[in-house]
Amino acid sequence: MAEKALAGIIYECVRCGAKVSAEDIEKRGEVQCPECRYRVLKKIRPPIIKRVKAV
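About the criteria used
Residues numbered from 1 in each chain as written. Predicted model: local features only at pLDDT ≥ 70, side-chain atom pairs only at ≥ 80, totals over all residues. Heavy atoms only, no water. Helix = DSSP H or I, 4+ residues; strand = E, 2+ residues; numbered from the N terminus. Buried < 20%, exposed > 50% of the residue type's maximum accessible area, 1.4 Å probe, protein only. Contact = heavy atoms within 4.5 Å. Areas by Shrake-Rupley, 256 points an atom, 1.4 Å probe, with all protein chains shown as cover. Core = buried A, V, L, I, M, F, W, Y, C linked by side-chain atoms within 4.5 Å. Pairing = 2+ DSSP bridges. Axes fitted to C-alpha atoms, helices over the stretch in contact; angles between N-to-C directions. Salt bridge = Lys/Arg side-chain N within 4 Å of Asp/Glu carboxyl O.

1. A short note on the overall build of the chain
For the chain, the helix and strand inventory stands at 2 helices and 3 strands. For the chain, buried positions account for 18% of its 55 residues. Partitioning the intrachain contacts of the chain with sequence separation of at least 6 by distance along the chain shows that 36% fall at a separation of at least 24. Surface accessibility of the chain: about 5,100 Å² in total, with carbon and sulfur atoms responsible for 54%.

2. Some thoughts on the nonpolar core
Cys13, Ala18, Val20, Ile25, Cys33 and Leu41 together form the largest nonpolar core, which totals 6 residues. In this structure, Ala18 is in contact with Tyr11, Glu12, Cys13, Cys33 and Glu35, ignoring residues within four places of it in sequence.

3. Brief notes about the sheet that holds strand E1 (residues 10–13)
As a general point, the strands of a sheet are linked pairwise by backbone hydrogen bonds and lie either parallel or antiparallel. The sheet built from 3 strands is open, its strands ordered E2-E1-E3 with antiparallel pairing. The open sheet terminates on both sides in strands that have one partner only, identified here as strand E2 (19–21) and strand E3 (41–43). Pairs of neighbouring strands in the sheet enclose a mean axial angle of 35°, with direction left out of account. Taken together, the 3 bridges between E1 and E3 define a ladder with antiparallel strand orientation. Residue pairing for E3: Glu12 is matched across the bridge by Lys42.

4. Brief notes about the pattern of salt bridges
Scanning the model with the defined rule gives 1 salt bridge in all. A salt bridge links Lys19 to Glu12; the nearest nitrogen and oxygen atoms lie 3.7 Å apart. Under the relative-accessibility criterion, Lys19 is labelled exposed at 53%.

5. Quick word on the environment of Gln32
With respect to the helices and strands, Gln32 occurs in the loop between helix H2 (22–28) and E3. Residue classification places Gln32 among the buried positions, given a relative accessible area of 12%. When near neighbours in sequence (up to four residues on either side) are disregarded, Gln32 contacts Arg37, Tyr38 and Arg39.

Dropping the structure here:
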């Protein structure tokens, strides 16, 4: 079940903006951008719109 959850997670490099999937990170065994080798990645959030009812 944890493997299916990792399939949709995508990270973005802070320096160069390259997209890295969680599967790629797990295969390598280290958190690094494949393009520039920078170690700071941020998780891309899905575009979910929250609707709040006004009172």
